[in-house]
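Each chain is listed here by its residues.
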Amino acid sequence: MIINLINNDYKFDISNTAILFYPRISVVDDSDGKKLTVSLDGNTAYAEYNDNGILYRSNSEVDDSLYDGPRCACVRVAFDVFHQATGLRPPWGLLIGVRPVNFYLKMSDIHGDSCEEVLEKSYLVAPEKINICRKAVEMRKSSVDKLSEDSYSLYISIPFCPSRCKYCSFVSYSTEKEKKYISPYIETLCSEIKKTAETAPHRNPLTVYIGGGTPTCIEDCLFERVLNQIRESFDLSDCFEYTVEAGRPETITEEKLCIMKKYGVNRVSVNPQTLSEEVLFTAGRKHTVQDFFKAYSLAKEYGFDINIDLIAGLPLETTESFENGLKKIIELSPANITVHTLYIKRAADYGLDSSLYANTDPEAVTQMVSTACNLLEKEGYFPYYLYRQKNTVGNNENIGFSKKGKECAYNIYMMDDIQTVYACGANAMTKIVKNGSIDRSCGTKFAYNYIRNNGEKNK
Ligand code: SF4
């Protein structure tokens with residue numbers, strides 16, 4: 001597609017909008033017979049779109065009450081001609097590359113009671129998505145109230161997994177193949193935890209989150225070494241939420257759960273991603289549905305708050321199998337259920353072999369997400385955080401649902417960038433949040449370099 005601009009400079013936003021409608025399009029050549037012209041003349045934006053000889057037109061007034069009125073009008077007319085040509089209407093409208101809850105709050109600050117009208121009319125956000133944002137804003141309140149000026153959270157990364165899932169785009173190492181790195185990695189990690197506590201303004205994190213990877217896939221003694229280092233380095237008396245993302249059910253054992261209990265962990269993720277055996281197998285996960293139920297009931301016996309992750313859009317998942325799986329999970333009554341949308345990145349196997357997800361129908365994935373929203377709300381779960389990534393199937397979002405009072409505060413703080421996070425480990429991002437600005441520094445991406453650099457961070 002060729003994009004011509006007249007009197008405006010919004011190619012980046014307009015290109016991203018084109019990709020919403022035509023996910024595999026190139027916006028730098030015209031071999032597909034598509035040409036878009038967007039012009040800004042005085043107070044009006046115009047779009048003319050030629051799709052293989054069929055012409056679509058749109059125009060819209062610039063709304064001066066918007067902080068980005070001219071940009072918004074230009075992108076809106078582009079959105080409109082693509083809508084006319086395809087019949088599609090991406091439900092997040094013009095919100096690309098922004099965090100929906102943060103944007104809702106910003107609009108609410110600027111426009112007060114008419115915020116939702118502005119989101120719907122000017123930014124073309126569908127009412128059901130506005131509804132999710134409103135609920136998430138309500139649900140996050142009690143966690144936000146716990147923040148004080150110098151409070152912070154602690155994130156620890158253990159980037160190893162029993163095997164690599166085919167959709168994975170994280171930097172994570174299979175314990176089988178990269179076993180030799182685990183022990184030196186944990187040593188480096190423990191010294192970084194110690195150093196971090198020494199440089200933090202005080203030693204009392206509000207929340208702790210151990211993620212990865214699958215932190216529970218390492219040997220018990222190494223796992224305990226990390227939890228012990230955290231306890232020795234920090235004062236956990238103010239820490240009201242301590243999560244371990246156990247993730248893969250086959251790594252959850254009585255021994256691991258006992259260690260977690262001993263060190264004050266109170267929240268655990270047990271993630272089947274799907275309750276279909278064939279979907280699990282195709283995704284390269286080396287556990288069964290039965291493994292998940294066993295791990296869940298074991299974690300429940302130990303009294304943890306449990307989060308369960310599901311992915312909408314995995315190859316071979318149907319709307320029926322997704323809904324059936326979700327219903328079985330709701331019957332378990334976990335504290336949190338997080339619904340992710342499959343997204344494809346080059347680092348993942350699915351990114352390398354497009355035939356693996358070629359049959360994933362975006363409309364079906366959109367239906368899975370919408371079924372999840374409806375079913376979960378009926379059963380007393382409410383959205384409390386959400387984020388969107390590029391390249392998700394059907395341009396859908398990831399939503400964390402929670403029973404009231406069981407929201408994961410760390411997810412809210414981290415996702416909305418409203419609290420400092422000290423992060424230790426390879427590829428772990430420390431964010432110092434101060435006076436509305438964020439200073440970021442990241443641990444070396446790969447575990448072997450992290451070990452070699454002694455855990456030094458890159459700015
Ligand atoms: S469990 Fe998570 S981090 Fe590990 S390979 Fe699978 S998707 Fe990647």
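Cut-offs used in this document
Residues numbered from 1 in each chain as written. Predicted model: local features only at pLDDT ≥ 70, side-chain atom pairs only at ≥ 80, totals over all residues. Heavy atoms only, no water. Helix = DSSP H or I, 4+ residues; strand = E, 2+ residues; numbered from the N terminus. Rg over C-alpha atoms; globule rule 2.2 N^0.38 Å. Buried < 20%, exposed > 50% of the residue type's maximum accessible area, 1.4 Å probe, protein only. Contact = heavy atoms within 4.5 Å. Core = buried A, V, L, I, M, F, W, Y, C linked by side-chain atoms within 4.5 Å. Domains from an automatic or database assignment. Near = heavy atom within 4 Å. Nonpolar A, V, L, I, M, F, W, Y, C, P; charged D, E, K, R; others polar. Buried area = accessible area lost by both parts, 1.4 Å probe. Salt bridge = Lys/Arg side-chain N within 4 Å of Asp/Glu carboxyl O. Axes fitted to C-alpha atoms, helices over the stretch in contact; angles between N-to-C directions. Parallel < 35°, antiparallel > 145°, perpendicular 65-115°, else oblique. Left-handed = near helix turned anticlockwise from the far one by under 90°.

Along the protein, the regular secondary structure elements total 15 helices and 18 strands. Computed over its C-alpha atoms, the radius of gyration of the protein comes to 23 Å, within 12% of the 23 Å expected for a compact globule of 459 residues. Per-residue burial over the protein gives 56% buried out of 459 residues. By sequence separation, contacts in the protein at least 24 residues apart represent 71% of the contacts at least 6 residues apart.

Here we come to the nonpolar core. Ranked by internal contacts, the top residues of the largest apolar core, which has 131 residues, are Leu36, Tyr123, Ile156, Leu189, Val226 and Ile230. The greatest single-element share of this core, amounting to nine residues, is contributed by helix 2 (residues 69–86). Domain assignment of the residues forming this core places at least three in each of domain 1 (2–92) and domain 2 (142–458). Apart from residues no more than four positions distant in its own chain, Val226 is found in contact with Ile156, Ile158, Ile186, Leu189, Cys190 and Ile193.

Right, let's get into the site of the ligand. Close to the ligand lie Cys161, Ser163, Arg164, Cys165, Tyr167, Cys168, Phe170, Gly213, Thr214, Arg248 and Arg285. Of the residues assigned to the shell around the ligand, the class counts are five nonpolar, three polar and three charged.

Attention shifts here to the domain arrangement of the protein. By a widely used convention, the size of an interface equals the accessible area lost when the partners come together. If you check the domain split of the protein, you get domain 1 (2–92) and domain 2 (142–458). For domain 1 and domain 2, the distance between their C-alpha centroids amounts to 37 Å. The partner domain 2 presents seven residues to the six residues of domain 1 that form the contact. Both sides together, the interface formed by domain 1 and domain 2 hides about 540 Å², and carbon and sulfur atoms give 57% of it. At the junction of domain 1 with domain 2, the criterion picks out zero salt bridges.

This part takes up the packing of helix 1 (residues 11–21) against helix 2. Interhelical geometry of helix 1 versus helix 2 gives an angle of 20° and a closest axis separation of 10 Å. Compared by their axis directions, helix 1 and helix 2 come out roughly parallel. For the element pair helix 1 and helix 2, the recorded crossing hand is right-handed. When helix 1 is examined against helix 2, the residues Asp13, Ile14, Thr17, Ala18 and Phe21 are found in contact with a partner set consisting of Arg71, Cys74, Val75, Ala78, Phe79, Phe82, His83 and Thr86. Looking at side-chain class alone, the contact of helix 1 with helix 2 contains eight nonpolar, three polar and two charged residues.

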